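# Reading the structure
Spelled out from the first residue to the last, the chains are:
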Amino acid sequence: MRLRNITGSRDVIAASPYVVQEAVQEDCPGTWHEIFGNNHPIYIEIGMGKGKFIHTCAKEHPEINYVGIEKYSSVLLRAIQKMEEEELPNLKFLRMDAEDIASVFGKGEVDKIYLNFSDPWPKDRHAKRRLPSREFLARYDVILKEGARLEFKTDNRDLFDFAVEELEPAGWKAEVITYDLHSDETLMVGNIMTEYEEKFSSMGNPICKYIIYR
């Protein structure tokens, strides 16, 4: 069964205490420290999939608040199941389209953004839908603190080349660009792999990564 078509997933999400529900998302900008009950930094992952990466991050770094964002209900369901097995107070979920990201976080409210193995949207006419596109970089610029970082990983070289080319016209700068993350001992320190990263790297696919800022 395809993950995007699991019957009842939306009902589970609507009842989950780990999900910030759509009905209150419009009240979220500027209130995330209140939602978490502390003043810790806020890191978000856009397109978190089944949640392995962000759940591991939250477990290893209790001093940071994490928000996982996923568009597809049946994929988000898997992340909820992880939380039911191991609840973490510094992790919340949002089911939403990334295009609306600036409507749920206030200006300069986010300390870091992760993009991991995003949908490549390979057709040229869909370029604006790619999460590292200049259109999305403009949205991220609104919610990120000044000088904050965005980290992007993928095994898709075409998508990565596109992402790198978007930086200059979007007004972003690269702190790190690598086309073979797993061969870089320095960058691999503390690297947390996603499900896709484990899969593709085991197949011998090089993993690309950049760290960028405004």
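Here, every reference points to the structure presented above.
As the structure is a computational prediction, the values presented were derived from the model and not from experiment.

Per the counting criterion, the structure on display carries 13 aromatic pairs. Measuring from centroid to centroid gives 6.2 Å for tryptophan 32 and phenylalanine 36, while their planes differ by 35 degrees, and the two rings are tilted. Highlighted residues: tryptophan 32 and phenylalanine 36, both in helix H2 (residues 32-36), separated by 4 residues, approximately one helical turn. Taken individually, tryptophan 32 and phenylalanine 36 each receive the classification buried, so the pair is uniform in this respect. Following the ring pairs from residue to residue traces out a cluster consisting of Tyr43, Phe53, Tyr66 and Tyr114. When the ring centre of phenylalanine 162 is taken as reference, the NZ or CZ atom of arginine 130 above it lies at 4.5 Å. A cation over a ring is seen here: arginine 149 above tyrosine 213, with NZ or CZ 4.3 Å from the ring centre.

All chains considered together, the criterion is met by 12 salt bridges. For glutamate 175, the salt bridge identified is with arginine 149, shortest N-O distance 2.7 Å. Residue glutamate 175 is found in strand E6 (residues 173-178), and its partner arginine 149 is found in strand E5 (residues 144-154); the two are separated by 26 residues along the sequence. Of the residues examined, glutamate 175 reaches a relative accessible area of 43% and is grouped as partly exposed. By relative accessible area, arginine 149 is classed as partly exposed at 23%. For arginine 157, the salt bridge is made with aspartate 161, and the minimal N-O distance between the two is 2.9 Å. Here arginine 157 and its partner aspartate 161 are both found in helix H6 (residues 157-170), 4 residues apart, which amounts to about one turn of the helix. Look at aspartate 161 and you get partly exposed, because its relative accessible area is 24%.

Parameters and conventions
- Residues numbered from 1 in each chain as written.
- Predicted model: local features only at pLDDT ≥ 70, side-chain atom pairs only at ≥ 80, totals over all residues.
- Heavy atoms only, no water.
- Phe/Tyr/Trp six-rings, centres within 6.5 Å; stacked < 30°, edge-to-face > 60°.
- Helix = DSSP H or I, 4+ residues; strand = E, 2+ residues; numbered from the N terminus.
- Buried < 20%, exposed > 50% of the residue type's maximum accessible area, 1.4 Å probe, protein only.
- Lys NZ or Arg CZ within 6 Å of the ring centre and 35° of its normal.
- Salt bridge = Lys/Arg side-chain N within 4 Å of Asp/Glu carboxyl O.

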